[in-house]
Amino acid sequence: MEVEKVFHMKKGVGHTSYAKNSQLQKTVTIHARPVIEEGIREVYFTLRPECLMVADMGCSSGPNALLVVSRIIDVIEEASRSINRQCPQFGVFLNDLPGNDFNALFNLLQNFNKELQEAKESSFKPCFVSGIPKSFYRRVFPDKFLHFVHSSYSIHWLSQVPRGLMNENGEALNKGNIYIAKTSPQEIHKAYYAQFKKDFTLFLELRSREMVSHGAMVLVLLGTFNSDDPDSIHELLGSTLHDMVLKGVIEPEKLDKFNMPLYSPTVEEVRKLVEAEGSVALNKLETFTIDWSVDTSQNLETRAKFVAKSIRAANRVTFNMKIVENIGERRDTKEMDVEKVFHMNKGTGNFSYARNSLMQRIVTEHAIPVIKESIREVYFTLRPECFMMADMGCSSGPNAFLLVSRIIDIIEEASRSINRQCPQFGVFLNDLPGNDFNALFNLLPDFNKVLQEAKGSSFGPCFVSGIPKSFYGRVFPDKFLHFVHSSYSVHWLSQVPRGLVSENGEALNKGNIYIAKTSPIEIHKAYYTQFKKDFTLFLRSRSKEMVSNGGMVVVLNGSINNDDRDLLMELLDYTLQDMVLKGLIEQEKLDKFNMPFYAPTVEEVRKLVETEGSFALKKLETFTIDWSVDTSQNLDTRAKFVAKTARAVTEPLLETTFTPAIMDDLFLLFEIRCVKAAVCGQVIAVIVEPTLSIAPARQPNSSLQFTCVVEPVLYGFESSHAVYGSKL
């Protein structure tokens, strides 16, 4: 079993999902709260950072992770008031394996942020949350990056099934058991402990590099009182699987060779390993017990059902159970909430963005010379130990990693040219919460593997995380980034412009889904006003997040003149009108549907950058690309390519108004329209390369510096154990 690739809690929000069946884990976390509060207060009073960097390692996909984050924020806010100090900003990093359901987790973030803003005072600083899909038995963060680490009910899971559970002939040595049991030979216990020792020691060693001096760590893990105690739950699970063998549902050979990648250590085993590793000195090591059913006042049948669902949610992949996902009901809304509904087509299917984003890749390739020039200038000027970069509007296909790979190549080449060791890399992939981060993160293991093979062992680590948040607002802490890239994203607006409907609710842009020849001048003004507001906010937000002398390259869809029509939107518009004539959609719905999109001219971009004033505009270029990319193909092939590309991008928006059942017909007609028009059109892309300029009246930016000596603190748990200490 390749644990890192296949292990995760049960996904979704169905009745057997982890999100709906993690009350036990929540109760454990609540029991550990006093230790967490003690640790976080000590860190804050000692370090008093401007931005508190917190990691939850093994966060899973339910609401428990945000419960911990919320409590940490409350504690820090209270501590700040007690010393009459302004509350710091928060950088929160939710970490789990790439197979974790980050989509479900990120979908909780919008309400979390809203409730946080409503509950806190107006002076409350932002909380920036990101997801990091990587095993915590590897480096996850740059050196001296974190102030506080929390992990609950995760570290008892091993990085792999222990070696030594089979003899040289391939015969199972732990027959009839799925974990250490009364009938297990001594070699089985030794093998499990050896694997836990290796993993736990590595975990401590890695975190000690990633934490600042006087940082703290709280770990909560499943444990036992004595090393020869059987694990009652897994003993029951083993017995249940035996029953399945007797019923002929499971083959005995499969059961004999199956072993859980889990180990429940004793308090003394934890103590011994912490002391032997040497990075932390224990200040506190506590143990508490919780009934598996949580509420012992319930009758036995109710408690048994609760335990069964909890175990099923936590062991879904290891037993290869079938997932039944709950699909939420789609609701019609009068006004499109772009931040909630907009994303490219998910997954890796025939109409997914991942398989239909070649045009966007070509656009990025065209911008590489500008990106290279900007990156080299930033690197030679700042020479950071860890190069922090963001791709804003990354989407879910492989294009984001293509860009990251190219940037790493540029920095590596630049480092060699000045005989300097290549820096570490902090890569932040940003998009709206509805983006398919699961698909994106599933590409990461192969990306890391290829990177390691190509660069060698001396290559500095590359730490990748995902940030589910609109880039029309703050996404990162102050002075955090060295380089920002955004390709084919900033032309999408934060909302459908206001002013497209009269006071009587009558559509003013009837028959059009964007600016068209027949659109009144008020429509163009409304679209430009919205773009001006959004683009100005984008620039202002990035200027606060970037260090002085940082660089930014933005590539967006544009137009030559402000009265140019967008051919793709026009063809889509005509196709929707065809659907009206066929009776497949209602005219009223079409009249009130407008795309949240604006393709500015070069002069409009120039004017807005200069007016906003945070950036000095170094370069402003325009190039065109045929929609079909390859003009040597016949028209039918090119039209099919364009239709699939357009569908991958626009289908989720169209489905907010028109039923999903019509999409196949819609894009088939769109393809025919492309053929009839005998033209597939061209993309006009605008490259903006501003550099951060600091006006004399403004507070100068300063680079992030990670210079402290490591002094982490550890916590841990059993059945559960708790540990508290400081670095020797």
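Residues numbered from 1 in each chain as written. Predicted model: local features only at pLDDT ≥ 70, side-chain atom pairs only at ≥ 80, totals over all residues. Heavy atoms only, no water.

J.: I would appreciate a short explanation of the nonpolar core in the present structure.
T.: When a protein is soluble and globular, its nonpolar side chains tend to lie buried together. Counting residues in each nonpolar core, the largest one holds 195 residues, and the members touching the most others are Phe 425, Met 595 and Phe 670. Sorting elements by how many residues they give to this core places helix H13 (residues 358–382) first, with 10 residues. Beyond its immediate sequence surroundings of up to four residues, Phe 670 is in contact with Leu 568, Leu 571, Leu 572, Thr 575, Val 642, Ala 643 and Ala 646. (Core = buried A, V, L, I, M, F, W, Y, C linked by side-chain atoms within 4.5 Å. Buried < 20%, exposed > 50% of the residue type's maximum accessible area, 1.4 Å probe, protein only. Helix = DSSP H or I, 4+ residues; strand = E, 2+ residues; numbered from the N terminus. Contact = heavy atoms within 4.5 Å.)

J.: What exactly am I supposed to notice about the environment of Leu 109 here?
T.: By secondary structure assignment, the location of Leu 109 is in helix H6 (residues 109–119). Taking the C-alpha atoms as reference points, Leu 109 and Leu 66, 43 residues apart in sequence, are found 8.2 Å from one another. Those residues within four positions of Leu 109 in sequence are excluded, and the remaining contacts are Leu 66, Val 129 and Pro 468.

J.: Would you mind showing me how to read unusual backbone geometry here?
T.: Excluding glycine, a negative phi dihedral is what most residues carry, and trans is how most peptide bonds are arranged. Even without being a glycine, Ser 395 presents a positive backbone phi close to 60°. Here Ser 395 shows up in the loop between strand E7 (386–392) and helix H14 (399–417). The phi torsion at Asn 419 lies on the positive side, around 55°, for a residue other than glycine. Along the chain, Asn 419 turns up in the loop between H14 and strand E8 (424–431).

J.: Looking at this structure, how should I read the pattern of salt bridges?
T.: Pairing is possible between side chains that carry opposite charge, provided their charged atoms lie close to one another. What the rule picks out here adds up to 30 salt bridges. Via salt bridges that share partners, Glu 37, Arg 41, Arg 71, Asp 74 and Glu 78 belong to a single interconnected network. (Salt bridge = Lys/Arg side-chain N within 4 Å of Asp/Glu carboxyl O.)

J.: Hey, could you run me through the side chain of His 482 in this one?
T.: On the secondary structure map, His 482 appears in strand E10 (residues 481–487). Looking at His 482, the relative accessible area reads 2%, which means it is buried. Those residues in contact with His 482, other than ones at most four positions away along the chain, are Val 378, Leu 382, Pro 384, Cys 386, Phe 387, Met 388, Met 546, Val 547, Gly 550 and Gly 551.

J.: Can you walk me through the environment of Gly 426 in this structure?
T.: Secondary-structure assignment places Gly 426 in strand E8. Sequence-wise, Gly 426 and Phe 463 are 37 residues apart; in three dimensions their C-alpha atoms are separated by 4.9 Å. Apart from residues no more than four positions distant in its own chain, Gly 426 is found in contact with Cys 386, Phe 387, Met 388, Met 389 and Phe 463.

J.: When you look at the pairing of strand E9 (residues 462–468) in this model, what are you seeing that I'm missing?
T.: Along any regular strand the residues' side chains alternate between the sheet's two faces. With respect to burial, E9 is a largely interior element, 7 of its 7 residues being buried. Burial along E9 is two-sided: the residues Cys 462, Val 464, Gly 466 and Pro 468 and Phe 463, Ser 465 and Ile 467 are all buried. As judged from the 7 bridges shared by E8 and E9, these two strands associate in the parallel manner. If you follow Asp 431 over to E9, its bridge partner there is Pro 468. (Pairing = 2+ DSSP bridges.)

J.: What exactly am I supposed to notice about the state of the cysteines here?
T.: Such a bond, covalent and formed between the sulfur atoms of two cysteines, is termed a disulfide. One pass over the structure, following the stated rule, counts 0 disulfides. For Cys 422, which is in no disulfide, the shortest distance to another cysteine sulfur is to Cys 462 and amounts to 9.8 Å. Overall, Cys 422 belongs to the buried group, its relative accessible area being 15%. (Disulfide = S-S within 2.5 Å.)

J.: I would appreciate a short explanation of the side chain of Glu 37 in the present structure.
T.: The topology assignment puts Glu 37 in helix H3 (residues 33–47). In contact with Glu 37, other than residues within four places in its own chain, are Arg 71 and Val 75.

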